Amino acid sequence: MSFIGTILSNLTIRDSKPALIEIHGKEKVVTTCEQLQKDARRVRGFLKTSKVHEGDRVVLLGPNGSRWSACDLGILMHGAVCVPLYSRQDPKELAFMAQDCEPSLVIVSDESLKKDLCKVWPEACRVALYEEVFAHDVDMGEPHTVGKEDLVTIIYTSGTSGNPKGVMINRGNVDYMLEQAVSRFSLAFEDPHAEQEVFHFLPWCFAGSRIVLWTQLFRGNPLMVSTDLKNLPQEMQTANPEYYLNVPAILERIKTGVGEALRTKGGVIYNLYVRGRLADEKKRTQSLTLSERMSLWLARKIVFPAIKKKIGRNLKFLICGSAALAEETQRWFHMIGIRILQVYGLTETTAIVTIDYPGREEAGKVGHVLEGCEAKVTDEGEMICRGPNIFPGYWKRPEETSEVLKEGWFYTGDQAEVDQQGNWKIVGRVKNILVPESGHNIAPEPLEEALRERCQDIEHVVIVGHGRPHLCAIVTGNVGSHDLNRALDQLNETVPHYKRVRSVVQYAEGFSVENGLLTANQKLKRKVIEQHLEEQLREAYERNARS
């Protein structure tokens, strides 16, 4: 049975039980399995009326919630291809993606989003609001049979040219991935078949988030959903989950927030926290003194459990993916009693290539390759992989597809290492795409060009930020600070929050062939430049953190 058939079967069997639980502050709003399936059938009925055919693309634009899921499921039932877009995307990129997939219909959650989309895409195809879609009669027809090679979704990811690419995912990709996700994460529980309290707040338009949603529906497990990211701490308390998916930026924020809160209060507890943390760090490489052992024992008895309870009383573990997680951060969570299971993958790999085995996780490593998937390192140090999770190609981009799919192997663009136990570590990027701690894929070239256009005195500019808190520009040339700051302000006004350049390093010496920062044909040696200026970059990020 396909993953779609399994999900529909679960909804029928579970009937009045919860499928999705929206968290609104301190309140839980339940959508039953019966209601979710009924709403999905309303969506399918609307698609029929709108003359959407099997294989047609349908754009879905809106925040997480039961209606978003019903739209996604209704599109799948109809045999159409769901193209989810990020509601906070750069408007120009949003318009590009919406047009690029050539949709028959666009479904948006509210009038505001509809106006924003039509402003940048005046000639848009039919755009329907949730209000109109869910007013339709329930369609009780049999779901369309989706073949293993049939597309079920197109998820857009950034390309090196700046134009996003549509990653095509077929039913076979998802069938395989859901089985693997259920199998691997169930190892963290004594009773893998028991109902688990799972919370989710990352946008479902991204591949990893979509897999979380589909995995819970696939295994017949209710999923708690955030409705207001501005109220996330309260929502997490209300949800009190056993686990949830994170990006590194969230975990960094939690760690920093705990440290700041304890420092502000001061006193015996803060001193014990500091001593316990120092002892925990030292014990990895050195023997502890009696005093240090006592400090660590007391911290483990008194302080660390209290911190864990504050973060999540019911937490069994946390999942982290989408960007590099600092080893120090992973060790900090382990210190207070919360395991971090790392996941590595790309949209092109249906979100996952490796996952930590519960109990075998190592700080700085991203786990073992999924069963049925293969991975190896090329002579150039690039990780390549093949298996049922690998996408069939980019939407209407055969040349770019052939660049990454060669003889059945997908070239990830990531430099990696693997130890004798098969545990993988991602050590850098082969490609120029940056993935800061927010988890967004960002092509630096369009931002660099836009900055040069706004400040003619710039000779060279390199945008960095992979695995870092935000983007930073390294600039050369006879540029005044006033002109440079003005150009940065102008650039930041035109891009979404995750593409804003928040720090700058001016390098007086400049880049040249002679100092080894340019190639013989005058191309930037990006990684060499970033390594060469690491100290200045560290200072720039520290200044930004203090401001």
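Basis of the calculations
- Sequence order as written defines the numbering, with residues in each chain counted from 1.
- Per-residue local features of the predicted model are confined to residues with pLDDT of at least 70, and side-chain atom pairs are confined, for both listing and counting, to 80 or more; whole-chain, interface and lining totals are unaffected and use all residues.
- As a rule here, side-chain values come from all non-hydrogen atoms in the structure, and water together with hydrogens is ignored.
- Two strands qualify as a pair provided that DSSP identifies no fewer than 2 bridges between them.
- Under the DSSP-based scheme used, a helix requires at least four consecutive residues in state H or I and a strand at least two consecutive residues in state E, with every element numbered from the N terminus.
- Here an angle of 0 to 180 degrees is reported between the N-to-C directions of two axes, which are lines fitted to C-alpha atoms, with helices fitted over the stretch in contact.
- Residue contacts are counted whenever heavy atoms from the two residues lie within 4.5 Å of one another.
- The scheme is simple: roughly parallel for angles under 35 degrees, roughly antiparallel for over 145, roughly perpendicular for 65 to 115, oblique for anything else.
- By convention the crossing between two helices is left-handed if the near helix lies anticlockwise of the far one by an angle smaller than a right angle, and right-handed if it lies clockwise.
- Under the scheme applied, nonpolar residues are Ala, Val, Leu, Ile, Met, Phe, Trp, Tyr, Cys and Pro; charged residues are Asp, Glu, Lys and Arg; polar residues are all the others, including Gly.
- A pair is scored as a salt bridge if a Lys or Arg side-chain nitrogen falls within 4 Å of a carboxyl oxygen belonging to Asp or Glu.
- Burial classification: accessible surface area is computed with a 1.4 Å probe over protein chains only, and a residue below 20% of its type maximum counts as buried, one above 50% as exposed, and the rest as partly exposed.
- By this rule the span expected of a helix is its residue count minus one, scaled by 1.5 Å.
- Bend at a residue means the angle formed by two fitted axes: the first through the 7 residues ending at that position, the second through the 7 residues beginning there.
- Grouping into patches uses exposed residues only, defined as over 30% relative accessible area, and leaves out salt-bridged ones; the cut-off is 9 Å for like charges and 5 Å for nonpolar side chains (Val, Leu, Ile, Met, Phe, Trp, Tyr).
- Here the open area of atoms and residues is found with the Shrake-Rupley method and a 1.4 Å probe, where only the protein chains shown may cover a residue.
- All tallies of charge rest on Lys and Arg as positive and Asp and Glu as negative; His and the ends of each chain are not included.
- The location of each charge is read from NZ of Lys, CZ of Arg, CG of Asp or CD of Glu.
- Each polar contact in these results corresponds to two N or O atoms within 3.5 Å; when the atoms are within protein, one needs to be able to donate a hydrogen and the other to accept it, and residues that are neighboring in sequence are counted only if both atoms are side-chain atoms.
- Note on terminology: a nonpolar core comprises buried Ala, Val, Leu, Ile, Met, Phe, Trp, Tyr and Cys residues joined through side-chain atoms within 4.5 Å.
- By convention, a stacked pair of Phe, Tyr or Trp rings (six-membered ring in the case of Trp) has centres within 6.5 Å and planes under 30 degrees apart, an edge-to-face pair has planes over 60 apart, and any other such pair is tilted.
- Placement of a charge over a ring requires the Lys NZ or Arg CZ to be within 6 Å of the ring centre, with the centre-to-atom vector within 35 degrees of the ring normal.

Draft legend 1. A look at the sheet that holds strand 22 (residues 461–464). Sheet architecture is open: 3 strands sit in the order 22-23-24, paired in mixed fashion. Strands with a single pairing partner mark the edges of an open sheet, and in this sheet they are strand 22 and strand 24 (501–506). Adjacent strand axes in the sheet meet at a mean angle of 25°, parallel and antiparallel pairs treated alike. Bridge count between strand 22 and strand 23 (residues 471–475): 4 bridges; the pairing is antiparallel. Bridge pairing in strand 23 links Ile463 to Ala473. The strands that helix 16 (residues 481–493) touches are strand 23 and strand 24; relative to strand 24, the one it contacts most, it runs at about 155°. Across the sheet, helix 18 (residues 534–546) touches strand 22, strand 23 and strand 24, and the angle it forms with strand 24 is around 140°.

Draft legend 2. Spatial organisation of the packing of helix 2 (residues 33–49) against helix 3 (residues 66–78). Look at helix 2 against helix 3: their axes get within 7 Å of each other, and the N-to-C directions meet at 55°. Relative to helix 3, the element helix 2 is oriented oblique. The way helix 2 lies across helix 3 gives a crossing that is right-handed. Facing helix 2, whose interface residues are Leu36, Asp39, Ala40, Arg41, Val43, Arg44, Leu47 and Lys48, helix 3 presents Ser66, Ser69, Ala70, Cys71, Leu73, Gly74, Ile75, Met77 and His78. For the contact of helix 2 with helix 3, a count of residues per class yields 9 nonpolar, 4 polar and 4 charged.

Draft legend 3. Just the pattern of salt bridges, in detail. All chains considered together, the criterion is met by 33 salt bridges. Glu242 is the salt-bridge partner of Lys316, the closest N and O atoms lying 3.2 Å from each other. Of the two residues, Lys316 is situated in the loop between helix 12 (290–311) and strand 12 (317–320) and Glu242 in the loop between helix 9 (232–239) and strand 11 (243–246); the sequence distance between them amounts to 74 residues. What makes Lys316 partly exposed here is its relative accessible area of 37%. Taking the relative accessible area as the measure of exposure, Glu242 reaches 11% and is therefore buried. Across the pair Asp280 and Lys283 runs a salt bridge whose closest N-O atoms are separated by 3.6 Å.

Draft legend 4. Helix 12, seen in detail. The first and last C-alpha atoms of helix 12 sit 30 Å apart over 22 residues, in line with the 32 Å expected at 1.5 Å per residue. Where helix 12 bends most, at Arg300, the angle is about 45°. Of the positions making up helix 12, those classed as buried are Ser295, Leu296, Ala299, Val303, Phe304, Ile307, Lys308 and Ile311. The inward-facing, buried residues of helix 12 contact helix 10 (248–265), helix 11 (267–282) and helix 13 (327–336).

Draft legend 5. Main features of a positive patch on the surface. A cluster of like positive charges, contributed by Arg88, Lys230, Arg500 and Arg502, occupies part of the molecular surface. With respect to the helices and strands, the residue Lys230 is situated in the loop between strand 10 (223–226) and helix 9.

Draft legend 6. Region of the structure containing the side chain of Asn389. By the secondary structure assignment, Asn389 is in the loop between strand 17 (382–386) and strand 18 (393–394). Within the structure, Asn389 has its side chain in polar contact with the backbone oxygen of Thr349 (distance 3.4 Å). Here Asn389 is in contact with Asn173, Tyr176, Met177, Glu348, Thr349, Thr350, Ile352, Val353 and Cys373, once residues within four sequence places are set aside.

Draft legend 7. Looking closely at the nonpolar core. Ranked by internal contacts, the top residues of the largest apolar core, which has 116 residues, are Phe3, Ile307 and Phe333. Residues within four places of Ile307 in sequence aside, it is in contact with Val258, Leu262, Tyr273, Trp332 and Ile336. Of all hydrophobic cores here, the second largest spans 22 residues; its members include Val461, Val479, Leu491 and Val495.

Draft legend 8. Main features of unusual backbone geometry. Located in the positive-phi region is Glu102, a residue other than glycine, with phi close to 50°. In this fold, Glu102 is placed in the loop between helix 4 (91–100) and strand 5 (105–108). Its relative accessible area of 38% is what places Glu102 among the partly exposed residues. The backbone of Ala351 sits at a positive phi, close to 85°, despite the residue not being glycine. We classify Ala351 as buried; its relative accessible area is 12%.

Draft legend 9. Here's a closer look at the side chain of Thr31. You can see Thr31 is positioned in strand 2 (residues 27–32). Looking at Thr31, its side chain comes within polar contact range of the side chain of Ser66, at 3.4 Å. If we ignore the near neighbours within four places in the chain, the residues touching Thr31 are Pro18, Ala19, Leu20, Leu36 and Ser66.

Draft legend 10. How the structure looks around the packing of aromatic side chains. By the definition in use, this model includes 17 aromatic pairs. Between the aromatic rings of Tyr86 and Phe206, the centroid separation amounts to 5.2 Å while the plane-to-plane angle is 55°, which identifies the pairing as tilted. Placement of the pair is Tyr86 in the loop between strand 4 (81–85) and helix 4 and Phe206 in the loop between strand 9 (198–200) and helix 8 (207–218), with a sequence separation of 120 residues. The class of Tyr86 is buried, set by a relative accessible area of 9%. On the basis of relative accessibility, which here comes to 30%, the residue Phe206 falls in the partly exposed class. Among the aromatic residues, ring-to-ring pairing joins Phe185, Phe189, Tyr243 and Phe317 into one connected group. The cationic tip of Lys376 hangs over the ring face of Trp409; the distance from NZ or CZ to the ring centre is 4.5 Å. For the cation-ring pair, Lys406 lies above Tyr411, with the distance from its terminal atom to the ring centre recorded as 4.8 Å.

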